Structure formats: C-alpha cells, structure tokens
Amino acid sequence: MIEKERRIKRGLIVSILIILIAFGGIVSFYQYQTVKENFNYEIKKVNINIDNLFKLYLENTKDKLIKRSNIMLANPEVLKAFYLQDREGLFQKVHKFYDRMKILNPHLKIMTFRLKDGSTFLRVHKPQMFGDKLNKKRKIIIDTNRFRQQQCGFEVGKLKMTYRVVTPIFYEGEHIGLVEVGIEPEQMTQDINHIFNIKDALLVKKNTLSVSLDKSRKQDIQDFSPARGDSLFKENFQQIDLDKNEATIKYKNENYIIYSHIDLYNHKHEITAKVLIAYNIEELSNRFYSILKENFIYIFLLISVLFIVLDLSFKYFLNQIEEGRKDLEQVNKNLEFRIEMEVKKSREKDKQMSDQHRLAQMGEMMSMIAHQWRQPLSAISATSISVLLKAEFNTLKSEKVIVDMKKISDFSQHLSSTINDFRNFFKSHKDKKLTNFAELTKDVLSIIEISLINRDIKLIQELKCTSKFEIYASETKQVILNLVKNAEDVLVEKNIKNPYIKILAYYDNLNYILEVSDNGGGIPEDIIDKIFDPYFSTKLAKEGTGLGLYMSKTIIEEHCNGQLTVSNNEDGAVFRITLKA
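In what follows, the accompanying structure is described.

Rules used in this analysis
- Residues numbered from 1 in each chain as written.
- Predicted model: local features only at pLDDT ≥ 70, side-chain atom pairs only at ≥ 80, totals over all residues.
- Heavy atoms only, no water.
- Pairing = 2+ DSSP bridges.
- Helix = DSSP H or I, 4+ residues; strand = E, 2+ residues; numbered from the N terminus.
- Axes fitted to C-alpha atoms, helices over the stretch in contact; angles between N-to-C directions.
- Contact = heavy atoms within 4.5 Å.
- Parallel < 35°, antiparallel > 145°, perpendicular 65-115°, else oblique.
- Left-handed = near helix turned anticlockwise from the far one by under 90°.
- Core = buried A, V, L, I, M, F, W, Y, C linked by side-chain atoms within 4.5 Å.
- Buried < 20%, exposed > 50% of the residue type's maximum accessible area, 1.4 Å probe, protein only.
- Salt bridge = Lys/Arg side-chain N within 4 Å of Asp/Glu carboxyl O.

## So, the sheet that holds strand β14 (residues 500-507)
Strand pairs in the sheet, formed through backbone hydrogen bonds, run parallel or antiparallel to each other.
Part 1 of the argument: With mixed pairing, the five strands of this open sheet are ordered in space as β12-β14-β15-β17-β16. Strand pairing shows two members of the sheet lacking a second neighbour, β12 (458-463) and β16 (563-568), which therefore form its edges. Ignoring strand direction, the axes of neighbouring strands in this sheet form an average angle of 15°.
Part 2 of the argument: Both β16 and strand β17 (residues 573-580) contribute to a ladder of six bridges, which runs antiparallel. Following the sheet pairing, Val566 is matched in β17 by Phe575.
Part 3 of the argument: Sitting on the sheet, helix α11 (residues 473-493) touches β14, β15 (511-518), β16 and β17, and the angle it makes with β14 is about 150°.

## Some remarks on the packing of helix α10 (residues 437-454) against α11
Part 1 of the argument: It is the contact of α10 with α11, at a shortest axis distance of 9 Å, that shows an interaxial angle of 30°. Considering their axes alone, α10 and α11 lie roughly parallel with respect to each other. By crossing handedness, the relation of α10 to α11 is classed as right-handed. Across the interface between the two elements, Leu440, Asp443, Val444, Ile447, Ile448, Ser451 and Leu452 of α10 pack against Ala473, Thr476, Lys477, Ile480, Leu481, Val484, Lys485 and Glu488 of α11.

## Things to note about the nonpolar core
Part 1 of the argument: One finds Ile50, Leu90, Phe113 and Tyr279 to be the most contacted residues of the largest nonpolar core, which totals 63 residues.
Part 2 of the argument: For this core, the leading source of residues is helix α1 (residues 2-73), giving 13 residues.
Part 3 of the argument: Ignoring anything within four residues of it in the chain, the contact list for Tyr279 reads Ile43, Val46, Asn47, Ile50, Phe196, Asn197, Ile198, Asn255, Tyr256 and Ile257.
Part 4 of the argument: Membership of the second largest hydrophobic core comes to 48 residues, among which are Cys465, Leu481, Leu549 and Cys560.

## Some details on the pattern of salt bridges
Part 1 of the argument: Tallying each qualifying case throughout the model produces 20 salt bridges.
Part 2 of the argument: The residue Asp51 makes a salt bridge to Lys55 at a minimum N-O spacing of 3.3 Å. A residue pair is termed a helical-turn pair when its members lie 3 or 4 positions apart in one helix, as Asp51 and Lys55 do in helix α1 at four residues.
Part 3 of the argument: Residue Lys485 pairs with Asp489 through a salt bridge whose shortest N-O separation is 3.5 Å.

## A closer look at the sheet that holds strand β1 (residues 108-115)
Part 1 of the argument: With antiparallel pairing, the five strands of this open sheet are ordered in space as β2-β1-β5-β4-β3. A single partner strand is all that each edge strand has here, and the edge strands are β2 (120-123) and β3 (151-157). In this sheet, neighbouring strand axes are inclined to one another by 30° on average, regardless of whether the strands run parallel or antiparallel.
Part 2 of the argument: Across seven bridges, the pairing between β1 and strand β5 (residues 174-183) is antiparallel. Note on β5: the bridge partner recorded for Phe113 is Val179.
Part 3 of the argument: Taken strand by strand, helix α3 (residues 87-104) contacts β1, β2 and β5, and its axis lies near 155° from that of β1.

And the structure:
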C-alpha cells in the first residue's frame, strides 16, 4: 500500500507542478505585457510633454517679443527718428532696447527696421548693413506692409531660420514701415534640453531657402533640408522617416527615440520647417527589463515555495497513514480485541476520507491565494515602476520615496497576511475587530487604486456611514477587494467608455450596508442566479476559477452573519453587503 500511495503522490505532484508552471507562464506573460505597455506609455508621455513644452515656450516667446516691440514703438522719439529717416538717431534710441532684450534672451538674432517698400533702413544687430530690398522674397515683410497688421511666424532670412515678429509702424496715422524681431528656434529646444536631455536638429522646407545666404544642398529628407543639428542626425538621416511621428535608432551603441512631430509654421500657418528631437532611452529600457527580470524571479520563487509546501504536505500525510497502519497491525495481532480492531478500521477509513477532503480544500485555498495575490503583486510592480521613472527624470522627492516604499512594504505585508487569513478561514476560532466600511475600503483601495488609475477608471466614493462594528476585518477586506477587482475586469473586458466604479456605504437604521457598482452593463438575467455557485465563472478558464464570489458569499453569510446579494441597475451590476446593526 505504501508504494501505491507513493505512486499516487508522485502523480499528483507532477500534475500540480504542471499546473503551477502553466500558472507561472500565464502570470509571466501578463507581467511582460504590463511592463511593455508601461514602457510604451512612458515614451508616449515624454513625446507629449516635449510637444507641449515646445508649444508653451513658443507661445511665451511670441508674447514677450510682441510686448517688448510694442513698448519700444510706444516711444515717440523712436517713431520720429524713423519717420525722419535719421538712421544714427534711430540707432541711438533703439540699441538699448535691443541690448536689454539680448541679455534677457541670448537667442535674439535680429532687430531690423524696414521702410514700407521692404528696403532695410537699420539693422540694429548689424548697423553697418542697410539698403537691401526684400520686397519680392520675404513673404512676412510683404504681408505686413500690405495688410498693415502684425505678423508672427518662422521664416528663413539671411541668418537662416528664425521665429519672427513683424510689427507695422505708424507715425501720426501714416504707415511708414515696419520693425522685425527674430529669435532662433534653438531657444525652445535648449529649454526642453534642461528637462529631458535631448539632441535636436532643424529641417527647413526646401522651397523656402531662396533668401538664405547658405543655399548649399545637403542630404535632403523628403521635402526638407537639414539646416543645423546634432551629429546623431547627420549620421542617421537614412533611418529617419518624417511620415512617422517617432522611430528608434541605434547611436554609439545606445538606443534613442527620434520624435519628428514638432512642426514650425510661418505667419500663414503653413509648415516651413521641422524640429527633430532625440532622447536616450537606454537606461529607461534597462530599468524596465530589470523590473521584468525581477518579476520573473519572484514568480519562480513563489512556484518553488508552493511546490515545496505541497511536497512536505504529502510526506506528512504518508507518514500519518503509515503510523496508522502500524497501529492497525498491532490490533490485528490481538484476537481477543477483534471487535475493537474492526471499530478502529472503521475509524481509519473515516480519517482517510477526512484527509482527502482536506486535500481538496488545500487545492481550493491555493487557487484563492493565487487570485488574491495578483492585485498586490501588480500594485508592487506599478509602484516600483513609478519610483524608477521619477528617478529617471530627476523628479524624485525623498518624502515621495518614503510614501512609495511604505506602500510596497504594506503590499508585501498584505501578501503575508493573506496566507494567515486563508489559514484562519479553516479554523473555528478567529478574532473580530472593531472597524467600519470607510476603514475597510481605504485599506482595499491602497492595493487596487493604482491599477484603476492606470486603466482610466473613475472611482466614486460615498462613504456616508462611519459607525463602527465588530467583524472579521481581513476576510471582509478580501470580499470588498474581490468585488472591486471583478468590476475592474468587466470594464476592461467590455472596453466601456468613461468607466467608473462606485463604492457606497450607509446605515438604514437596521443594517450597515456597502454597495459596489459599475457601469459595465450588468449581469445577464439568465446567469445572475448562478454567479455565487462554486466554479461558475463568466471569465475565460485561464482568467478565473469561479471561487471568488462563492467564497465572498461564504465569508459574509457564514462567518459575518450578513448577506451578499447582487442586482442590476440602469448602468450595471450592484453588489450589496448587508450587516446587521
């Protein structure tokens, strides 16, 4: 018999090992997809931030140039000197404005006064150069004189591409010319570089180069010619496709993202140039794959520990059976106690049946533990990724690190307490705790709230009842966690628009009530009466065991002397926990 039982043991262990490996593979794949999605999300977030920063700096630059140009032209002496075409007098009046603007912004390149025929009257930045006419080439000058309205935009001039603010000048109601102020686009990219450590390049539309002093053609990219930029771009022009907003290239054995969605517009809102941005993602990639590797190690260790526990449990049961057999053999030797021997045999059979039942319970417990561990493991992963990213972008604050590390510690304690909670589930004596639904809900949300935020699920809390009552707190928190997680899974699976989960707690003068509802469309009427049955699940076999709601109902109704019910409202399902006051 011992050899047969050992063969059964080996078969069961091999079967359970296969199940654990399959479970580990599923979890590993889920972790890989999660890390990959987070990586792509961070890249997208950086691109959006760069684009928004560039637009912000450009708008800020425009406002400052307009304001300072208007202040300068508000000086009557400046207007009179220009009207009298007193070049020396005008220079004496405006060069101080230019010098102050140059101090405030070193990227200021031009300040030019032009007559209404487009000819240069005074270049404040180069006063010795004047007299040339651009009335047939420079569109922003032509349109400013034609419409006599201020124009702003990027345009190529003799000093290549600059952002220009061109303001018409009037003297005693008469239009006498204009003033042009220009800033290099490197101002914006330099400001962005202080935050993101970028490399940049400027591409100019080829049909705008006729005015530039440098008309040499370099290696073109589609309809654009490189004007200036980092050597990274010069060495990788063949890999750049402007039809794609972003691309990954290898440069000096490191990975870079090239973002090409920043367009520069002229005063008619036509694309006249592009700014290419490149930033290093090598360390970010290494960090993400390091996290992925650590998660795989944790999963492997978890499977190993569970396998060892199972093996030790089987050994214990075999030892118990062998000891019982020795007792029976001793009884068989004494014929005078034959009746007593038969009684003991009957008792031994009862014990074996009890052991088999306990094995079945152990299998259910392992499935529930795996179900409950998924959320805190994901929360630990998400929190650690958040800390790593903030460290990557130098936005990490010590007080935030303390908060995040405490969260990870709390999640780890939850993993340990889950084992104890499920172990206590099968004991007849457990301790109750004085608490309320607000405290229980707060503890649950500390685990799952990060997952809800990452999935853009709105969380609505209306915890109107703060009265305390005695209850098995740990088990009740697992029930609330299971209800919230099920709601999250439904919203994600159905891809609900504007998803939300609502948690409502109140007292109706007789009972303490907690409701968890969502807008996931509800539970079909033909299965709503079955969802609390054991092993009944609406999820795919690899995603659910069908034990979560069954155990939740058991905990509330058999352990807490309450009720767990479900119904549908106009938006979705409503799960209600009712406890007697």
